Amino acid sequence: MPNTNIVAVDKNRPERDKIKRAAEIIRKGGLVAFPTETVYGLGGNALDENAAKKIYAAKGRPQDNPLIVHISSHLQLDQLVKEIPVRARILMDKFWPGPLTIIFYKKDIVPYGTTGGLDTVAIRMPAHPVALELISEAKVPIAAPSANISGRPSPVCAKDVAEDLSGRIEMILDGGATSVGVESTVLDLSEKVPMILRPGGVTREDLEEILGPVDLDPGLAPGEKPRSPGQKYRHYAPKAQMTVVEGSIENQVKTIEEFAKRLETDGFEVGIMATAQTRHRYTRGHIISVGDRTAPLTISSNLFTILRKFDRLGVDKILAEGISKDGIGLAVMNRLYKAAGFNVLKV
Ligand code: TXA
Ligand code: MG
């Protein structure tokens with residue numbers, strides 16, 4: 001088992017010697033966790049099947065759940081994919097670097113070990129100086145799933161990564177908290193109407209402004225079969241059992257307050273995931289505001305931190321307010337549903 005070295009790095013101007021050390025580990029087939037603008041990634045050489053194996057082992061991840069390959073320049077893409085559709089080029093120009101992952105047909109150089117046996121490969125260029133410098137210094141594309149134990153909330157700071165992966169990877173580059181807080185949008189361009197396989201940092205509205213109508217994979221609904229292999233697994237789950245309560249704000253507050261009372265009477269420790277608008281209206285349980293409904297990025301960037309916080313508090317039940325699915329709210333609600341195992345109460 002490797003000794004995990006946690007190295008603090010300047011997130012805007014990462015120190016060269018630190019990036020070099022990390023890149024050296026990647027080139028030798030080892031694993032380094034690093035910050036992106038979405039969540040921390042668990043990086044290994046995307047062209048090395050053995051490194052991919054180590055990533056799956058460190059996370060305890062099912063082998064059929066493909067990894068996202070991270071690149072630092074548009075040129076790097078030609079080496080990896082058979083063709084670059086026109087729509088992909090337009091999106092790359094507009095959203096890269098940024099939280100958009102696009103699915104392409106892979107060239108042979110990308111091992112099946114990285115793509116979970118698929119002929120396609122998911123690729124993105126992260127908008128984070130540390131990630132970009134690391135990829136370019138490593139001189140190989142970097143496969144990086146979120147740097148959490150499979151099924152746990154994704155990590156948004158080095159401490160989250162260490163909590164899950166200490167002793168399993170060689171290094172964590174600590175570049176502070178990530179900004180977006182939920183993962184990238186995964187987009188499939190193979191059909192006439194583009195399809196979001198995982199909602200994320202680039203919103204459906206952002207994409208539709210450029211592409212026209214964009215579908216959301218109907219397989220993301222409970223009980224359906226998602227197109228993206230990773231989406232079928234339970235994910236983001238806190239230890240406590242969670243219920244998402246959706247409806248008007250008034251109904252949410254009333255239902256959650258009553259629900260919390262009943263649970264407490266039954267002897268449960270209750271956590272309430274409220275918002276800036278509602279937190280003062282609850283009288284019981286561990287009340288935490290996830291952010292401001294009028295500034296949804298405050299919610300996305302806080303979401304996984306709050307889920308981990310409830311774990312540390314040791315609550316038995318979490319009651320979470322739903323928010324609007326506009327903009328990044330779609331990604332937030334997707335993560336909340338999954339964290340709750342689709343335990344949703346409409347009021
Ligand atoms: O923001 C992010 O995307 C973060 C950071 C580290 O870049 N990475 C991340 O990776 O979230 P991961 O492995 O946790 O999620 C990858 C998702 C999974 O849902 C997987 O099924 C999907 O991308 N995916 C990867 N390759 C695919 C492919 N060829 N076809 C369909 N879905 C794919
Ligand atoms: Mg993940």
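Read on for a plain summary of the structure. The structure displayed is predicted, hence computed values, not measured ones. (Residues numbered from 1 in each chain as written. Chains lettered and ligands numbered in written order. Predicted model: local features only at pLDDT ≥ 70, side-chain atom pairs only at ≥ 80, totals over all residues. Heavy atoms only, no water.)

### Side note on the overall build of the protein
Selection criterion: Think of it this way: any DSSP run of H or I at least four residues long counts as a helix, any run of E at least two long counts as a strand, and we number them from the N terminus. In this description the radius of gyration comes from C-alpha coordinates, and the expected globular size is given by 2.2 Å times residues to the power 0.38. Throughout, a contact is declared for two residues whenever any of their heavy atoms are within 4.5 Å. Areas reported here follow the Shrake-Rupley algorithm with a probe of radius 1.4 Å; residue values treat only the protein chains shown as occluding. Asp and Glu count as negative and Lys and Arg as positive, but His and the ends of the chain are not part of the count. Think of each charge as sitting on NZ of Lys, CZ of Arg, CG of Asp or CD of Glu.
Each helix and strand counted, the protein has 11 helices and 16 strands in total. In terms of overall dimensions, the protein is globule-like: its C-alpha atoms have a radius of gyration of 20 Å, near the 20 Å expected for 347 residues. Its C-alpha atoms put the protein at 60 × 50 × 35 Å along the principal axes. A separation threshold of at least 6 residues defines the contact pool for the protein, and within that pool the share at least 24 residues apart is 68%. Per element, the accessible surface of the protein, about 14300 Å² overall, is 51% carbon and sulfur. Each charge sign in the protein was given a centre, from 46 positive and 42 negative side chains, and these centres are 2 Å apart.

### Here we look at the packing of helix α10 (residues 296-313) against helix α11 (residues 329-339)
The criterion, for reference: The angle between two axes is taken between their N-to-C directions and runs from 0 to 180 degrees, where each axis is a line fitted to C-alpha atoms and a helix contributes only its stretch in contact. An angle counts as roughly parallel when it lies under 35 degrees, as roughly antiparallel when it exceeds 145, as roughly perpendicular when it falls between 65 and 115, and as oblique in every other case. The handedness criterion is simple: a crossing whose near helix is rotated anticlockwise from the far helix by less than a right angle is left-handed, and one whose near helix is rotated clockwise is right-handed. Residues are sorted three ways: Asp, Glu, Lys and Arg are charged, Ala, Val, Leu, Ile, Met, Phe, Trp, Tyr, Cys and Pro are nonpolar, and all the rest, Gly among them, are polar.
One can describe the packing of α10 onto α11 by two numbers: an axis separation of 10 Å at closest approach and a directional angle of 15°. On the basis of the axis angle, α10 is roughly parallel to α11. Helix-helix and strand crossings are classified by hand; for α10 and α11 the assignment is left-handed. In this structure, α10 uses I299, S300, L303, F304 and L307 to contact α11, whose residues at the interface are V332, R335, L336 and A339. Residue classes in the contact of α10 with α11 are distributed as seven nonpolar, one polar and one charged.

### Describing the pairing of strand β5 (residues 100-105)
For clarity, the cut-off: For two strands to be treated as a pair, DSSP must find at least two bridges joining them.
Summarising the sheet, β5 and strand β9 (residues 185-188) pair through three bridges and their orientation is parallel. Across the sheet, L100 pairs through a bridge with T185, a residue of β9. Relative to strand β6 (residues 120-124), β5 is paired through four bridges, and the arrangement is antiparallel. Residue pairing across strands places I103 opposite A122, the latter belonging to β6.

### A short note on a negative patch on the surface
Note the cut-off: To count toward a patch, a residue needs a relative accessible area above 30% and no salt bridge. Like charges then connect within 9 Å, nonpolar side chains (Val, Leu, Ile, Met, Phe, Trp, Tyr) within 5 Å. Salt bridge, as applied in this entry: a Lys or Arg side-chain nitrogen positioned within 4 Å of an Asp or Glu carboxyl oxygen. Note on classification: 1.4 Å probe, protein chains only; a residue is buried when its accessible area is under 20% of the maximum for its type, exposed when over 50%, partly exposed between these limits.
Residues E205, D206, E209 and D326 make up a contiguous surface patch of negative charge. Positionally, D326 belongs in the loop between β15 (317-321) and α11. For D326, a relative accessible area of 56% translates into the label exposed.

### Details of the site of ligand 1
The cut-off we apply is this: Here a residue is considered near a molecule or strand provided that any single heavy atom belonging to it is located within 4 Å of it. Polar contacts, as counted here, are pairs of nitrogen or oxygen atoms within 3.5 Å of one another; within protein the pair requires one atom able to donate a hydrogen and one able to accept it, and residues that are adjacent in sequence qualify only if both atoms are side-chain atoms.
Taken together, 28 residues surround ligand 1, and among them T38, H70, S184, S228 and G230 come closest. Contact between ligand 1 and T38: an oxygen atom at 2.7 Å from a side-chain N or O atom of the residue. Contact between ligand 1 and S146: an oxygen atom at 3.0 Å from a side-chain N or O atom of the residue. Protein coverage of the free-state accessible area of ligand 1, which is 680 Å², stands at 97%. Of all elements in the fold, only β4 (68-70), β6 and β10 (195-198) reach the threshold of two or more residues within the shell around ligand 1. Considered class by class, the residues forming the shell around ligand 1 number 14 nonpolar, 10 polar and four charged.

### Some words on the sheet that holds β9
Taken in spatial order, the 11 strands of this open sheet run β1-β8-β2-β3-β7-β4-β6-β5-β9-β10-β11, and their pairing is mixed. The sheet is open, and its two edges are formed by β1 (5-8) and β11 (215-216), each paired on a single side. Strand direction decides the pairing type here: strand β2 (residues 32-34) and strand β3 (residues 41-45), joined by three bridges, are antiparallel. Its bridge partner being in β3, A33 is matched across the sheet by L42. The strands that helix α2 (residues 49-59) touches are β3 and β7 (142-143); relative to β3, the one it contacts most, it runs at about 155°.

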